[in-house]
Amino acid sequence: MFGLNYNCGLIRLGFPFFILLTCYNITLANKTKSKKKEVSVVYPTIQKKTNINGADAISKNKLQHELEAENALDRARLEKQLSTIIAQIEQLRLKKEHQQLDKEIENENVRRAHDKAMLLLNMEQEKLTIELRLAQARCMKEMQPYLTQLTELDKKIQLEKGQAQLLEETSHRLKAEIEVLEATNTRDKYIQKKPLYLKDPLIKQSNTLVLSDRCIELNGMITPWKANYIVDQIDYFNNQNKEYPIFLVIGDSSGGYVTAGCNILQAIEYSKAPVYVVVKSFAASMAALITTLATKSYAYPNATILHHQPAGFFYGNLRATKEAYTQLDKIWKRLGGRVAKKMGISLEAFNKKLYEKSMYGDWKEYGDQAKKLKWVDYVIHGIQNSAISSLPNSDDYTFKQFIKRYYNADPTKVIEPSAEEIAYNRLALDDVNYCYRPDHKAEIMGK
């Protein structure tokens, strides 16, 4: 490739040199013609004699012969140089053809080597193909038993899949049936019935009180926060409806804060919807005052209502004690005086009767007797709670829920008593232990 480029370069140099020589020859010829013209022009202008014209012709011929000889010499030199360049060009052409021939021979050798290699590769490929087919045939022969087993396993799997699908469908059907049963049981726990709203909730024929969902529960001690909750409920039911009665249901309450109880009494008295108090079990002290002074009150025959004077703990000198006594006396005149007035007696007579019934001044009566004393307005023989539309959950009736609901205490800080502790534990206010305990009797007899 380098030799070819070198030859091409020499050829490119030779052509310009040839052109230069040709131009030089042409220029030289032109100079000769110009000299001839000068001679032919100059000489005719000089007026000479006839003998001088013959000499001039001889000079012109001589000059012409000299110029032709010089031109022939220059042409010979140029042809020599040109022949040398042509010889070099011919050598370069031959060298180029020789190199091209060598290249073709080399390419032919490479092609033959490639064809030979490809032939060997094709033969090797055919050999490997034959060996692969033989190996595949042997493998298929060896795999035939396994393929048979695999087919049998596949059929077995398909059969098991069918059985599994059948079991799944059966499971879904059973699950659907169970869901239907559960939905039915859940639906059976609820009553699709709205509460009864009666302006006069007492059914006189059966002496039954009909309660709606406008009920407020009062259990345990009457505290300021519990009183606020009760008052807010009274306001809520008033905003809901001002015609139907609201029921303040007392399950078991031993009374509590005077200010909290007065807060409840004021909410009852100034409520546009009537607020009726219902005593189920026990109402004492402030709870008894709320029952007696309510717009209308109801009680079971065996419900207990207990009135007594307010008690206080006085500390300090005589004047401080006297001031505290005076304040307590004012409270009793305001609250106990209203109870005495409803009973139709004076406050002094009421005070006397309190201590006639008990040395501690605790006057308690059952519901039927409390009606005679005008502590309650009606004694009922049954309560129909129309708002209970779902089956009670046993989880809501545990010891912790009882402590939280009736005593307003933190159930996590109270340890649930055992059966023995329940049997011998301190009882609630105005309660007795009515159970068969032969071991306790034996202990008493032994003592």
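These figures come from a predicted structure and were not determined experimentally.

## Quick notes on the overall build of the chain
Then, number 1: Counting its secondary structure elements, the chain contains 11 helices and 10 strands.
Then, number 2: Of the roughly 32600 Å² of accessible surface on the chain, a fraction of 58% belongs to carbon and sulfur atoms.

## Examining a nonpolar patch on the surface
Then, number 1: On the surface, a nonpolar cluster with roughly 660 Å² of combined accessible area is contributed by M140, M143, Y146, L147, L150, L153 and I157.
Then, number 2: Mapped onto the fold, I157 is located in helix 2 (residues 50-188).
Then, number 3: Judged by relative accessible area, which is 40%, I157 ranks as partly exposed.

## Overview of the nonpolar core
Then, number 1: Core analysis: the largest hydrophobic core is formed by 43 residues, its most contacted members being L248 and F350.
Then, number 2: Contributions of two or more residues to this core are made by strand 3 (215-218), helix 3 (224-240), strand 4 (246-253), helix 4 (258-269), strand 5 (275-284), helix 5 (286-293), helix 6 (318-343) and helix 7 (347-357).
Then, number 3: For F350, the residues in contact, after removing those within four places along its chain, are H307, W332, G336, V339, A340, M343, I345 and W363.
Then, number 4: Core analysis: the next-biggest nonpolar cluster, separate from the first, contains nine residues, L202, L209, Y276 and V278 among them.

## Considerations on the side chain of S297
Then, number 1: Checked against the element boundaries, S297 lands in strand 6 (residues 296-299).
Then, number 2: Judged by its relative accessible area of 0%, S297 falls in the buried class.
Then, number 3: A polar contact is formed between the side chain of S297 and the backbone oxygen of T291, at a distance of 3.3 Å.
Then, number 4: Not counting residues within four places of it along the chain, the set of residues in contact with S297 comprises V277, T291, W375, V376, D377 and Y378.

## A short note on the pattern of salt bridges
Then, number 1: Tallied over the full model, the rule gives 12 salt bridges.
Then, number 2: Put simply, D115 and R111 hold a salt bridge, and the shortest N to O gap is 3.1 Å. One end of the pair, D115, and the other, R111, are both in helix 2, four residues apart, so they sit about a helical turn from each other.
Then, number 3: Its relative accessible area of 42% is what places R111 among the partly exposed residues.
Then, number 4: Here the residues in one salt-bridge network are E108, R111, R112 and D115, joined through shared partners.

## A short note on unusual backbone geometry
Peptide bonds are mostly trans, and most non-glycine residues show a negative phi.
Then, number 1: Despite not being glycine, N207 shows a phi value in the positive range, around 50°.
Then, number 2: Position of N207 relative to the elements: it lies in the loop between strand 1 (202-203) and strand 2 (208-211).
Then, number 3: The buried category is assigned to N207, whose relative accessible area is 16%.
Then, number 4: A positive phi angle is found at K374, which is not glycine, with a value near 70°.
Then, number 5: Mapped onto the elements of the fold, K374 is located in the loop between helix 8 (367-372) and strand 9 (378-379).

## Concerning the side chain of N207
Then, number 1: Within the structure, the side chain of N207 is placed 2.8 Å from the backbone oxygen of V379, a separation counted as a polar contact.
Then, number 2: The residues touching N207, leaving out its near neighbours within four places in the chain, are L202, V379, I380, H381 and G382.

## What about the confidence of the model for the chain?
A low pLDDT means the predicted coordinates there should not be read in detail.
Then, number 1: Looking at the chain, pLDDT values average 82 and 76% of them are 70 or higher.
Then, number 2: Put simply, helix 10 (residues 419-424) is where the chain has its lowest mean pLDDT, 51, and strand 6 is where it has its highest, 97.
Then, number 3: The low-confidence segment residues 35-49, where pLDDT is below 50, has eight contacts with residues more than four positions distant or belonging to other chains.

## Re helix 7
Then, number 1: Along helix 7, the residues classified as buried are L347, F350, N351 and L354. Buried positions in helix 7, seen along its axis, are confined to an arc of 100° and lie on one side of it. With respect to the buried face of helix 7, the exposed residues turned more than 90 degrees away are E348, K352 and E356.

## So, the packing of helix 6 against helix 7
Then, number 1: Where helix 6 contacts helix 7, the axes come no closer than 8 Å and their chain directions differ by 90°. By the angle between their axes, helix 6 is roughly perpendicular relative to helix 7. On helix 7, the residues touching W332, K333, G336, G337, V339, A340 and M343 of helix 6 are L347, F350, N351 and L354.

## Observations concerning the packing of helix 4 against helix 5
When two helices pack together, their arrangement is given by the angle between their axes and by how far apart the axes lie.
Then, number 1: The contact between helix 4 and helix 5 brings their axes to 10 Å, and the two run at 15°. By the criterion of interaxial angle, the relationship of helix 4 to helix 5 is roughly parallel. Both helix 4 and helix 5 take part in a crossing whose hand is right-handed. Between helix 4, through V258, G261, C262, I264, L265, I268 and E269, and helix 5, the contact on the second element is made entirely by M286, L289, I290 and L293.
Then, number 2: Across the contact of helix 4 with helix 5, the residue classes break down as nine nonpolar, one polar and one charged.

## Focus on the sheet that holds strand 10 (residues 382-385)
Within a beta sheet, neighbouring strands are joined by backbone hydrogen bonds and run either parallel or antiparallel to one another.
Then, number 1: With respect to topology, three strands assemble into an open sheet ordered 1-2-10, the strand pairing being mixed. Either end of the sheet is taken by a strand with one partner, and the two such strands are strand 1 and strand 10.
Then, number 2: Sheet topology places strand 1 next to strand 2; two bridges connect them, and they run antiparallel. Along strand 2, the bridge assignment pairs I203 with T208.

## Examining the pairing of strand 7 (residues 304-307)
Then, number 1: Both faces of strand 7 are covered, namely the face carrying T304 and L306 and the face carrying I305 and H307.
Then, number 2: Taken together, the four bridges between strand 7 and strand 8 (residues 363-366) define a ladder with antiparallel strand orientation. In the strand pairing of strand 8, T304 is matched with Y366.

## Remarks on the packing of aromatic side chains
Then, number 1: One pass over the full model with this rule turns up eight aromatic pairs.
Then, number 2: With 5.6 Å between their ring centres and 40° between their planes, Y197 and Y244 make a pair best called tilted. Here the residue Y197 occupies a position in the loop between helix 2 and strand 1, and Y244 occupies one in the loop between helix 3 and strand 4, the gap between them amounting to 47 residues.
Then, number 3: Aromatic side chains W363 and W375 sit 5.0 Å apart centroid to centroid with 75° between the ring planes, which places their arrangement in the edge-to-face category. You can see W363 sitting in strand 8 and its partner W375 sitting in the loop between helix 8 and strand 9, a full 12 residues away along the chain. Across this residue pair, the class does not change: W363 and W375 are buried.
Then, number 4: Three or more aromatic residues joined by ring pairs form one cluster here, namely F247, Y276, Y298 and Y378.

Conventions used here
Residue indices begin from 1 for each chain and proceed along its sequence in written order. The predicted origin of the model limits local features to residues at a pLDDT of at least 70 and limits the giving and counting of side-chain atom pairs to 80 or more, whereas totals for whole chains, interfaces and linings rest on all residues. For the side-chain quantities, the full set of heavy atoms in the structure was used; hydrogens and water were omitted. Each helix is a run of DSSP H or I of at least 4 residues and each strand a run of E of at least 2, with the numbering of both proceeding from the N terminus. What sets the accessible areas is the Shrake-Rupley method with a 1.4 Å probe; for residues, cover comes only from the shown protein chains. Residues enter patches when their relative accessible area tops 30% and they take part in no salt bridge; the joining distance is 9 Å for like charges and 5 Å for the nonpolar side chains Val, Leu, Ile, Met, Phe, Trp and Tyr. Only one rule defines a salt bridge in this text: a Lys or Arg side-chain nitrogen within 4 Å of an Asp or Glu carboxyl oxygen. Relative accessibility thresholds used throughout: buried, under 20% of the residue-type maximum; exposed, over 50%; partly exposed, between the two (1.4 Å probe, protein chains only). Throughout this description, the term nonpolar core refers to a set of buried Ala, Val, Leu, Ile, Met, Phe, Trp, Tyr and Cys residues connected via side-chain atoms within 4.5 Å. Residue contacts are counted whenever heavy atoms from the two residues lie within 4.5 Å of one another. As used in this structure description, the phrase polar contact means that two N or O atoms lie within 3.5 Å; if the pair is within protein, one of them must be able to donate a hydrogen and the other to accept it, and residues adjacent in sequence are counted only when both atoms belong to side chains. pLDDT runs from 0 to 100 and stands for how confident the predictor is about each residue. Each direction from the helix axis to a C-beta atom contributes to the arc, which is the arc of those directions. The axes used here are C-alpha line fits, helices contributing only the stretch in contact, and every angle between their N-to-C directions lies in the interval 0 to 180 degrees. By the definition adopted for this analysis, an angle is roughly parallel if under 35 degrees, roughly antiparallel if over 145, roughly perpendicular if from 65 to 115, and oblique otherwise. Each helix crossing is assigned a hand: it is left-handed if the near helix lies turned anticlockwise from the far helix by less than a right angle, otherwise right-handed if that turn is clockwise. Amino acid classes used here: Ala, Val, Leu, Ile, Met, Phe, Trp, Tyr, Cys and Pro are nonpolar; Asp, Glu, Lys and Arg are charged; the rest, including Gly, are polar. Any two strands with at least two DSSP bridges between them are considered paired. Note on aromatic contacts: the rings of Phe and Tyr and the six-membered ring of Trp form a pair at centre separations within 6.5 Å, being stacked when their planes are under 30 degrees apart, edge-to-face when over 60 apart, and tilted otherwise.

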